[in-house]
Amino acid sequence: MVDLEKAPPARSPEGEPVPRADGEGCLVVAVRLPVRIVALVLVLPVRMAWDALVVAGRFLRDTVLRPVGRALAWLGRALFVWPLVGLWRYVVVPVAKGVGWLGKVLLVVPAVWVYRWVLTPVGRALAWCCAGVGAVLTALGRGLYAGLAWLARYLVVVPAGWLYAWVLTPIGHLLAWCGRGLARCGRGVLWCLGKVVTGIGAVLYWTLRILLVLPALAVWRWVLAPVGRALAVVGRELLDALGHAWRIAGHLSRAVGRALAALFRWTVAEPARWVYRSVLTPVGHAVRDTVLRPLAEAARAAGRAGRQALRSARLSVRQARADLRRTLFGEPERPPSVDRREPSGAKARTLGSSTTALTKD
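Criteria and thresholds
Residues numbered from 1 in each chain as written. Predicted model: local features only at pLDDT ≥ 70, side-chain atom pairs only at ≥ 80, totals over all residues. Heavy atoms only, no water. UniProt positions renumbered as here; feature names shortened; annotations may be inferred. Helix = DSSP H or I, 4+ residues; strand = E, 2+ residues; numbered from the N terminus. Polar contact = N/O pair within 3.5 Å; in protein donor to acceptor, adjacent residues only side chain to side chain. Contact = heavy atoms within 4.5 Å. Phe/Tyr/Trp six-rings, centres within 6.5 Å; stacked < 30°, edge-to-face > 60°. Buried < 20%, exposed > 50% of the residue type's maximum accessible area, 1.4 Å probe, protein only. Lys NZ or Arg CZ within 6 Å of the ring centre and 35° of its normal. Core = buried A, V, L, I, M, F, W, Y, C linked by side-chain atoms within 4.5 Å. Salt bridge = Lys/Arg side-chain N within 4 Å of Asp/Glu carboxyl O.

As recorded in an unreviewed UniProt entry, the protein chain goes by the name Integral membrane protein, listed as coming from Streptomyces rochei.

Here it is in structure tokens:
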């Protein structure tokens, strides 16, 4: 909120007023409150419109955009992702594995066999031949190099050394002596030119300083700097006023929004809730108890009766089919049942015979 009361001036421990640290004058303090009031009047409609747009955007996002986005995402998965995954998993991967196996059998294995049993022996033979030829060529090259080196030494290097020692060296010394003399003359000329240029530069420097730099410095110090400080103070106050106005407009917009929400709740939501609880719910329960439940019980009873009738008809048809089969083809032969359990008398006889055999032994 805006602080409408003037803050008391700060005082030192001795009781004397302490000047403010920011250096604000009475004019700034007097102008600040009207500027903030005008800024609040201008910013309040913008802030309320902004808050209304934010609420509408959130409602639109939660009720329309998010469900539509989820539906589009599911539709995209159903139309693109799942078919592509199935195509990759059940078509591309098996075909690629088959092609890889065929390539290995038809290309890699024959190429490895040809490399191992054909190209390797041929390459070793060619390498042995090339090594012999290279040795011969190396011997010939060494002999030729030795001959050419001897000829070059006595036909080129020795005459060139004599020419350098007895002709080029004296000429170079003479040219160096002449160059040193010319360099001394040039340094004298350059020293004179440097003095002349230094004098001209000093004259131009002081002329430009008096005609341009000092007036520009005076304009900057006594005109532009005070105007800039004033504009900075005005801009800072405008920004502070806009910030305070934006915050106050936010509080006001929130209060208006809460009032509208309370009005909507007490004029629309609460009556609709009361109608739903006090009117529609009892009517729905009565319709459910008096109409829907008897209809459901009758439908279930009819279903049970229909299923019973179908079961009886199915059993009758099955019995008639069995009677017709027995009439036309006779009673089917049944295999004799074999009782795998040995009777107790036979077991006793077997036990007695085994005991007698043991006694005889």
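A short note on the UniProt feature "transmembrane region" (unreviewed entry) in the protein chain
In the numbering adopted here, UniProt assigns the feature "transmembrane region" (unreviewed entry) to residues 37–60, 72–92, 98–118, 125–145, 151–176 and 188–207. Taken end to end, residues 188–207 is 100% helix and 0% strand, and its first and last C-alpha atoms sit 29 Å apart.

Brief notes about the side chain of Arg47
Take Arg47: it is sitting in helix α1 (residues 26–329). One polar contact links the side chain of Arg47 to the main-chain carbonyl oxygen of Trp246, over a distance of 2.8 Å. Residues in contact with Arg47, not counting those within four places in the same chain, are Trp246, Ala249, Gly250 and Ser253.

Regarding the packing of aromatic side chains
What the rule picks out here adds up to three aromatic pairs. Aromatic side chains Trp150 and Tyr154 sit 5.2 Å apart centroid to centroid with 50 degrees between the ring planes, which places their arrangement in the tilted category. Taken together, the positions of Trp150 and Tyr154, both in helix α1 and four residues apart, correspond to about one turn of that helix. Owing to a relative accessible area of 46%, Tyr154 belongs among the partly exposed residues under this scheme. Over the ring of Tyr154 we find Arg153; its NZ or CZ atom is 5.9 Å from the centre of that ring.

Observations concerning the nonpolar core
Grouped together as the largest cluster of nonpolar side chains are five residues: Ala39, Val43, Ala241, Ala245 and Ala249. Excluding residues within four positions of it along the chain, Ala245 makes contact with Ala39, Leu40 and Val43.

A look at the pattern of salt bridges
Inspection of the entire model under this criterion finds seven salt bridges. The residue Arg66 makes a salt bridge to Asp62 at a minimum N-O spacing of 3.8 Å. Linking Arg66 with Asp62, this pair stays in helix α1, spanning four residues, or about one helical turn. For Arg66, a relative accessible area of 40% puts it in the partly exposed group. A relative accessible area of 38% means that Asp62 is categorised as partly exposed. A single network of salt bridges, built from pairs that share partners, joins Arg61, Asp62 and Arg66.

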